[in-house]
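# Structural features, examined
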Amino acid sequence: MLRVGMQQLPLLRRGTLEHPGLDSHAGAWESWAMKVIIGIGCDRNASLQTLQDALTQALQQCGLDESAVVGMASIDKKNDEVALLQLAQNQDWPLHFYPAEQLAKIPVPNPSAVVQKYMGTPAVAEAAALIAANTDMQNLLVEKHKYLGADGKNATISIARIIE
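What you are looking at is a predicted structure, and each value in this text was computed from that prediction instead of being measured.

## A few points about the sheet that holds strand 9 (residues 154-161)
Backbone-to-backbone hydrogen bonds pair the strands of a sheet. The strands run either parallel or antiparallel. Strand order in the open sheet formed by 5 strands is 7-6-5-9-8, and the pairing between neighbours is mixed. For this open sheet the edge positions go to strand 7 (95-98) and strand 8 (140-148), each flanked by a neighbour on one side alone. Averaged over all adjacent pairs, the angle separating strand axes in this sheet is 20°, with direction ignored. Of the pairings in the sheet, the one linking strand 5 (residues 36-42) to strand 9 comprises 7 bridges and is antiparallel in character. Opposite Ile-37, over in strand 9, you have Ala-160 as the bridge partner. Contacts from helix 2 (residues 48-61) reach strand 5, strand 6 (69-75), strand 8 and strand 9 within the one sheet, and its direction differs from that of strand 8 by about 145°. Along the sheet, helix 6 (residues 125-133) makes contact with strand 5, strand 6, strand 7, strand 8 and strand 9, crossing strand 9 at roughly 30°.

## Concerning the layout of surface pockets
Considered as a void within the structure, the largest pocket measures approximately 460 Å³ in volume. Taken together, 21 residues line the largest pocket, and the ones lying closest to its centre are Gly-41, Cys-42, Asp-43, Val-115 and Thr-156. Elements with a minimum of two residues in the lining of the largest pocket: strand 5, strand 6, helix 5 (113-119), helix 6, strand 8 and strand 9. Among the elements that take part in the lining of the largest pocket, helix 5 stands out by supplying 4 residues, more than any other. Across the lining of the largest pocket, the residue classes break down as 11 nonpolar, 5 polar and 5 charged.

The rules behind these values
- Residues numbered from 1 in each chain as written.
- Predicted model: local features only at pLDDT ≥ 70, side-chain atom pairs only at ≥ 80, totals over all residues.
- Heavy atoms only, no water.
- Pairing = 2+ DSSP bridges.
- Helix = DSSP H or I, 4+ residues; strand = E, 2+ residues; numbered from the N terminus.
- Axes fitted to C-alpha atoms, helices over the stretch in contact; angles between N-to-C directions.
- Contact = heavy atoms within 4.5 Å.
- 1 Å grid on protein atoms, 1.4 Å probe; cavity = no way out; pocket = protein on both sides within 12 Å on 5 of 7 lines; lining within 4 Å.
- Points joined across faces, edges and corners; volume = space filled by probe spheres on them.
- Nonpolar A, V, L, I, M, F, W, Y, C, P; charged D, E, K, R; others polar.

Here it is as C-alpha cells:
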C-alpha cells in the first residue's frame, strides 16, 4: 500500500493489485499484462535489423518489450517483404495482411499523402494495427514511429493495445 497523507492507495506490483479484500495469486501477472499488436510499414527491401531497431524503439516509447506483442499487421503489398516475414517468424508472431481498400477505411491520426500515392491508402502501420487489434484510435499507444535504418531504408511502427 502507498500512503499519501492519511489515505492508503493500492499499488500495482508485478501485475497484481494489492488491495484489501482482493486475493493476490501467482497467475495475476499474466492476466494484468498488456497485449499489443504491431502495425508495420517499410521501404521495399528494408533489412531485418532496421525493422528490429524500429520495433525496439517504438516499444520503449510505451514502456513495453517484445513479450507484450501478440502479432503484427501490414498491407498485403508487403506479403513478400523478406525482413518482415523473417521478423514475424523469428518471434513466432502471426502476421496479418490487409488490402489498401480496407486500411483506407480506418480513421488514423497521421494520414500521409505519400503513402496514399504509393500504397493506395493514407496509412499502413496505424490502420493495420487498429484493424488487427480490433480497436480504435483511443487504444493506439504509439501512433507512428518513423525510423531510418543504417541501410538507408525507412520503417514505420504503430502499436495498438488489445482490449479483452
